[in-house]
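As a plain string of letters, each chain reads:
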Amino acid sequence: MTKTLLYAGASALMLLSPAAALADEGMWLPSQTGAIAEAMKQAGLELDASALGDLKRPPLTAIASLGGCSAAFLSPQGLVATNHHCVVGSLQYNSSPENDYLTNGFLAQTMADELPAAPGSRIYVIEDLRDVTAAMLKGTEKLDGRARYDRLQANRTALIAACERQPNRRCDVRAYFGGAQYWLQQQLEIKDVRLVYAPAAGVGNFGGEKDNWMWPRHTGDFAFYRAYVAPDGSSAPYAKENVPFQPKAFLPIAREGVKDGDFVMVAGFPGVTERLRTAEEARFYFEDLYPYQQRMLAEYGDLIDALTEGKPAAKIAYAATLQGVENYEKKIAGQLAGAEAISLVEKKKAEEALFRAWIAADPKRSAQYGPALAALDALVAEANGAELADAQRSLLTRGQLYAAARLLYRWAIEQAKPDKEREPGYQARDRAFITQAMQRIERRFVPEIDQALWAAALAEYRKLPEGDRIRSLDAFLEGRELVALYAATTLGDTATRLAWLDKSPEEFRASSDPFIQLAVATHDEAMAAEAAEKARAGRLQKARAKVMEARIAYAASQGKVLYPDANGSLRFTYGKVTGKAVDGQIWTPFTTAEGIIAKHTGRGEFDAPDAMIERIKARDYGRYAAPELGTLPVDFLSTVDITNGNSGSSTLNACGEFVGLAFDGTIEGVVSDWMYDPAINRTIHVDSRFMLWTMEKVDGASRLLEEMGVRAP
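Everything numeric here is computed off the predicted structure, so don't read it as measured data.

Visitor: It is not clear to me how unusual backbone geometry should be interpreted in this structure. Could you clarify?
Guide: Most of the time, phi is negative for any residue but glycine, and the peptide bond is trans. Residue proline 59 is bonded to the preceding proline 58 through a cis peptide linkage, with omega at 10 degrees. Take proline 59: it is sitting in the loop between helix H3 (49-52) and strand S2 (63-65). In this structure, the amide linkage connecting tryptophan 215 to the following residue, proline 216, adopts the cis form with an omega of 10 degrees. Note on placement: proline 216 falls in the loop between helix H9 (208-211) and strand S11 (223-229). Of note, the phi angle at asparagine 168 is positive, near 65 degrees, even though the residue is not glycine. A relative accessible area of 23% means that asparagine 168 is categorised as partly exposed. You will see that tryptophan 213, though not glycine, has its phi angle at about 65 degrees, which is positive. On the secondary structure map, tryptophan 213 appears in the loop between H9 and S11. Looking at tryptophan 213, the relative accessible area reads 8%, which means it is buried.

Visitor: Help me understand the state of the cysteines in this model?
Guide: Throughout this description, disulfide means a covalent bond between two cysteine sulfur atoms. What the rule picks out here adds up to two disulfides. Note on cysteine connectivity: cysteine 69 is disulfide-linked to cysteine 86, with sulfurs 2.1 Å apart. Between cysteine 69 and cysteine 86, the disulfide has an S-S torsion of -85 degrees and is therefore left-handed. Separated by 17 residues along the polypeptide, cysteine 69 in the loop between S2 and strand S3 (70-73) and cysteine 86 in the loop between strand S4 (79-82) and helix H4 (88-94) bring together distant segments of the chain. The pair formed by cysteine 69 and cysteine 86 is uniform in burial state, with each residue classed as buried. Each disulfide pairs two cysteine sulfurs, and for cysteine 163 the partner residue is cysteine 171, the sulfurs being separated by 2.0 Å. Residues cysteine 163 and cysteine 171 share a disulfide whose torsion about the S-S bond is about -60 degrees; that sign makes it left-handed. For cysteine 163, a relative accessible area of 3% puts it in the buried group. You can call cysteine 171 buried: its relative accessible area is 2%. If you count the bonded cysteines of the protein from the N-terminus, they pair up as 1-2, 3-4.

Visitor: Sorry, what's going on with the pairing of strand S8 (residues 169-176) here?
Guide: Across a regular strand the side chains alternate sides, sitting on one face of the sheet and then on the other. Counted residue by residue, S8 has seven buried out of eight residues, so it is predominantly covered. Of the strand pairs in this sheet, S8 and strand S9 (residues 181-190) are connected by eight bridges, and their pairing is antiparallel. Bridge assignment links alanine 175 to a residue of S9, and that residue is tyrosine 182. The antiparallel hairpin formed by S8 and S9 contains four residues in its connecting segment, where phenylalanine 177 sits at a positive phi of about 55 degrees.

Rules and cut-offs
- Residues numbered from 1 in each chain as written.
- Predicted model: local features only at pLDDT ≥ 70, side-chain atom pairs only at ≥ 80, totals over all residues.
- Heavy atoms only, no water.
- Helix = DSSP H or I, 4+ residues; strand = E, 2+ residues; numbered from the N terminus.
- Buried < 20%, exposed > 50% of the residue type's maximum accessible area, 1.4 Å probe, protein only.
- Disulfide = S-S within 2.5 Å.
- Pairing = 2+ DSSP bridges.

Set out below in structure tokens:
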């Protein structure tokens, strides 16, 4: 995580001419609205582009993050809209066989009935995004390797600490353009998050894994949280006396839905894209790493299915894990197919050849950028060689007790240092997250299933050559049976896990708990591997930053505009509502309620609620029917440019009004993480009209509709 933050953006440029900006490609920073204002206006934007990029004015003041998904405020009482799959963890955490909210959905009849979200849940309200490049690079000019890494990390820690002297703030510094630029993102951290409403799985996950990444889609992937604060307005953990947060702005619900060809935009926090990785990195990912990861994820999902079969409580416990596994496995499969379809690696090689030829064509450029390019090539080869083995070793963290023991011992080691010298993730600011991670295990852990999953991970790990194995782990496990480890440990108990947060390294080393002993035994070897990785990270940052400087110059020589690659910071993207032609098929831009009836089987992934089926059969759509369709729209397609992390991002019309939520892409388009192709890339949104209809006609959520300003007919 830290390594990524320090030199993320290896692929941090996409080269666009001003005219090409109309092709709907780009995850733009708020500060870049001026550069694309005219293009957005031509595309249909009716707002002032300067207002659109102002973090102190709506709509951006209404945009929020959940720390993995995106969201937005839809009422003055802190009501937050996001995707159903973004709240699955909270549904799972609050569910039991007697109250199965995962299957049946949840609706709080009053604010008093709203449930605490899963431990660790947060709502982050964006406040600032500012350039801190000079402060981050201070003192790094003559440094390389581990020394450079450590200086960058120290500078980052200092910047974050200064920002977080403001109460209730969560700040972060992320890299852009391969570490050539750094920006600090400041957010208000809201710690009391409550589950308000999520439709049944037969709505929010209608179609399940079969329809995931597919079109046509009929999924109502939406849900609501609420942000709460202390009575004095400060951020505080859950307490009964807390009151709803009052955001500076909230998104108005559009009175009219979108139509084919309409302008739409999405604001959110896209995760990571890789659009200008080197050609060799692309080859490694698509020929080596992704195929391996896909196979491991498929086997992992199948094993969870088998181990939880016929066990309702176990199915609930592993539901969120399984959904994440299946989603990522299918995405990788789509990336592999998409890369082959568009000859991605070959195109990367051709593009890179032109860039390298531009450098070589001028002696001054060759002297300025040639050494960095050669260094990057060597470092990429080194990193690729290590990454596949890292992926195989990382499977061991599927054992929750082993992973918890390692985390707890590392926490104890870091607490012996001054706070500013601790590894990121182990500072005082992180204690709540560590605590809540230990608490979450309680609802997501079954001992015999964890043992079986860890046994499978160990079997795969042991296929590594001896030189790539963890010697200390092998020595500890020699002659030991896993069943004995699980029988002897007390880490399965939540109170016991939490108690270890306050123990010293000496107490860990004296422990008789086998998983604690294993964490102690493997720690030094893990730290040596981490040190080597940090040294490589420092060298990579130096080389990438210089190569990105060359790419910026190369783009400027062609009169092109640049946007930074996604890295988890606030972005917006725009496009239009439109379908596409696919191998003899015509994808219309909207799906409709009648499609739910056509897919509904009453079982498994296609089991819509009876009340919904009855309303659709009666064509009881009321004011939510689209006149041009003559029926109720469910989902729609657009050309906006998104990736993981955009889940839950609000979709806005040309006037900045709420018209839906982005929740997925199509399988052939997920390769856009590496290369955007306007012919194939489409984003899937749940239509606000379907959301509101479901709330009113199916689930009776009139209280929430009124709160959002949707008046009774």
